Amino acid sequence: MSVSTAAIDPSVCAPLPVLGQDVTVPLVTGGEVTYAALDYAASAPALQRVWDDVAAYAPYYGSVHRGAGYLSQLSTDLFENSRRTVAEFLGCRAEDQVVFTRSTTDSLNLLAAAIPADCQVFVYETEHHASLLPWRDAQVTYLNAPRTPGQAVETLERALADRDPYGPALVCVTGASNVTGELWPVKELAAAAHAHGARIVLDAAQLAPHHPVDIAELDVDWVAFSGHKLYAPFGSGVLAGRADWLQAAEPYLAGGGASRKVARRADGGVDVDWHTTAARHEAGSPNVIGVYSIASACKALTEAGFESLVAREQELVSRVREGLAEVPEVQVLSLFGDDAPRVGVISFVVRGWNSSHFAAALSAEYGIGVRDGLFCAHPLVRTLLGSEPQDPGECGAPEAEPGERSLNAIRVSFGAGTPDEHIDRFLRAVTELVREGAQWKYRTEDGRCVPDRGEVARTV
């Protein structure tokens with residue numbers, strides 16, 4: 001998969017309005033500054049368009065599918081129309097199903113519960129924990145981190161060819177790394193999987209907010225993503241793709257909505273006729289507002305011109321990478337090298353700095369929100385930092401004190417709502433921190449690196 005910016009002028013595409021763009025935060029050095037949200041890879045700010053759509057619907061809120069009242073019927077139409085909107089956004093095939101879940105993690109756990117009992121699962125060690133860990137009841141083969149896209153395909157082909165016994169198999173792969181932002185060769189991996197009789201699920205949590213995803217074009221069997229990374233509020237996700245394994249599996253959750261008919265048996269038991277549609281795995285009252293917010297985000301990205309948004313983001317990626325390259329102490333993490341196409345997710349370490357200390361200084365002294373840690377991709381970050389991928393580690397701040405080296409990294413991430421000023425401030429802050437040091441002293445408190453109030457580190 002590649003990103004093309006040909007014939008598109010990034011300057012014609014302004015940042016999309018998002019919630020919180022005018023929020024100010026206090027600085028430890030005094031005063032306030034507009035918050036620079038550069039942690040999109042964890043959760044992107046909700047689009048203003050999405051919030052407005054949800055607010056307009058809120059007075060008409062009603063429970064779906066089983067109500068005779070007007071608001072219930074209206075909500076049911078909105079819910080099912082949202083399913084069609086998401087299917088169109090993902091380029092779903094006519095026979096595909098769109099199942100609404102709580103998140104990418106929930107989607108992949110649902111699929112893990114639906115795979116055949118004798119299914120073998122193949123997953124790279126480079127995956128986010130959401131796609132690395134759900135396969136606990138399956139025979140799992142963990143593949144080593146590839147260093148080129150071609151090596152990724154070759155590694156998968158060898159593993160699939162060597163599997164014994166030959167039976168159902170599933171490959172799980174990310175579309176864009178949540179650590180390096182690099183795009184994976186999804187279409188080529190799908191072709192390799194299908195050539196060896198396997199299916200493939202695409203973790204698009206980091207891809208869908210930054211790049212169009214087309215199930216039919218990529219020829220993947222399923223796609224999973226989260227609403228809160230696609231500029232929608234928390235609490236909703238999607239699993240879209242082939243229906244057969246989902247229809248054959250027991251419902252992910254048992255309860256109302258998943259069942260078509262329930263009857264007592266003469267022996268005192270219960271017979272259940274489960275739905276064969278997406279409702280089979282959507283038991284309980286669904287998150288209608290969450291589902292509608294995903295559909296609204298899909299429409300907003302499409303109507304804004306997704307290719308123009310991609311082009312502008314690529315310009316921001318180039319600026320960040322070029323700016324970081326001017327600071328010799330900064331090491332940007334990468335699997336596939338500098339020329340690999342990527343989305344707006346960049347992780348790095350700074351020589352002589354504890355990553356948590358650096359991130360804390362960016363926040364406290366510049367009002368910039370980034371993330372530090374292992375990004376719920378522990379084996380990958382360990383590999384990229386030159387330690388053993390099996391070494392222990394935790395998400396969040398390390399135990400090391402400020403100034404000590406840590407085996408964690410710093411991640412800056414951005415997208416459709418990021419103003420140029422946030423990027424400029426971030427690059428200026430990195431340069432100043434490396435060259436002049438932090439203005440404040442910091443300490444570790446409850447696992448986090450925090451400013452030591454009243455302790456100035458240098459004269460401003």
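All values derive from a computational prediction rather than experimental measurement.

Caption draft 1: Fine view of the pairing of strand 11 (residues 259-264). With respect to burial, strand 11 is a largely exposed element, only zero of its six residues being buried. Hairpin geometry of strand 11 and strand 12 (residues 270-274) is characterised by an intervening segment of five residues between the two adjacent antiparallel strands and by a positive phi of about 100° at Gly 268.

Caption draft 2: Just the sheet that holds strand 16 (residues 371-373), in detail. Taken in spatial order, the four strands of this open sheet run 13-14-17-16, and their pairing is antiparallel. With one partner strand each, in any of the chains shown, strand 13 (330-332) and strand 16 form the two edges of the open sheet. Pairwise comparison of adjacent strand axes, ignoring direction, gives a mean angle of 30° for this sheet. Of the pairings in the sheet, the one linking strand 13 to strand 14 (residues 345-350) comprises three bridges and is antiparallel in character.

Caption draft 3: Highlighting the packing of aromatic side chains. According to the stated counting rule, one finds eleven aromatic pairs in the structure shown. Geometry around Tyr 166 places Arg 163 over its ring, the cationic atom sitting 4.1 Å from the centre.

Caption draft 4: View of the side chain of Ser 347. Residue placement: Ser 347 occurs in strand 14. Sequence-distant contacts of Ser 347, defined by excluding residues within four places in its chain, comprise Val 179, Gln 331, Val 332, Leu 333, Phe 375, Ile 410 and Arg 411.

Caption draft 5: Up close: helix 13 (residues 420-436). Under the 1.5 Å per step criterion, the end-to-end length of helix 13 is 24 Å for 17 residues, consistent within 8% with the ideal 24 Å. Residues His 422, Ile 423, Arg 425, Phe 426, Leu 427, Ala 429, Val 430, Leu 433 and Val 434 constitute the buried set of helix 13. Remark: Gly 437 follows helix 13 within two positions and exhibits a positive phi of approximately 85°.

Caption draft 6: Quick look at unusual backbone geometry. Residues Asp 164 and Pro 165 are joined by a peptide bond in cis, for which omega reads 5°. Inspection of the secondary structure puts Pro 165 in the loop between helix 5 (149-161) and strand 7 (169-174).

Caption draft 7: Region of the structure containing the sheet that holds strand 7. Spatially, the seven strands line up as an open sheet ordered 4-10-9-8-7-5-6, and their pairing is mixed. Edge positions in the sheet fall to strand 4 (97-101) and strand 6 (139-143), since each of these pairs with one other strand and no more. Strand-to-strand twist in this sheet, taken as the mean axis angle between neighbours without regard to direction, amounts to 20°. Looking at chain direction, strand 4 and strand 10 (residues 237-241) are connected through five bridges and run antiparallel. What sits directly across from Val 98, in strand 10, is Ala 240.

Caption draft 8: Region of the structure containing the packing of helix 5 against helix 6 (residues 186-195). The interhelical angle for the contact between helix 5 and helix 6, taken along N-to-C directions, is 15°, at an axis separation of 9 Å. In this view, helix 5 runs roughly parallel relative to helix 6, as classed from their interaxial angle. The crossing of helix 5 and helix 6 is right-handed. Of the residues in helix 6, those in contact with Ala 152, Val 153, Leu 156, Glu 157 and Leu 160 of helix 5 are Glu 188, Leu 189, Ala 192 and Ala 193.

Cut-offs applied
Residues numbered from 1 in each chain as written. Predicted model: local features only at pLDDT ≥ 70, side-chain atom pairs only at ≥ 80, totals over all residues. Heavy atoms only, no water. Buried < 20%, exposed > 50% of the residue type's maximum accessible area, 1.4 Å probe, protein only. Helix = DSSP H or I, 4+ residues; strand = E, 2+ residues; numbered from the N terminus. Pairing = 2+ DSSP bridges. Axes fitted to C-alpha atoms, helices over the stretch in contact; angles between N-to-C directions. Phe/Tyr/Trp six-rings, centres within 6.5 Å; stacked < 30°, edge-to-face > 60°. Lys NZ or Arg CZ within 6 Å of the ring centre and 35° of its normal. Contact = heavy atoms within 4.5 Å. Expected span 1.5 Å × (residues − 1). Parallel < 35°, antiparallel > 145°, perpendicular 65-115°, else oblique. Left-handed = near helix turned anticlockwise from the far one by under 90°.

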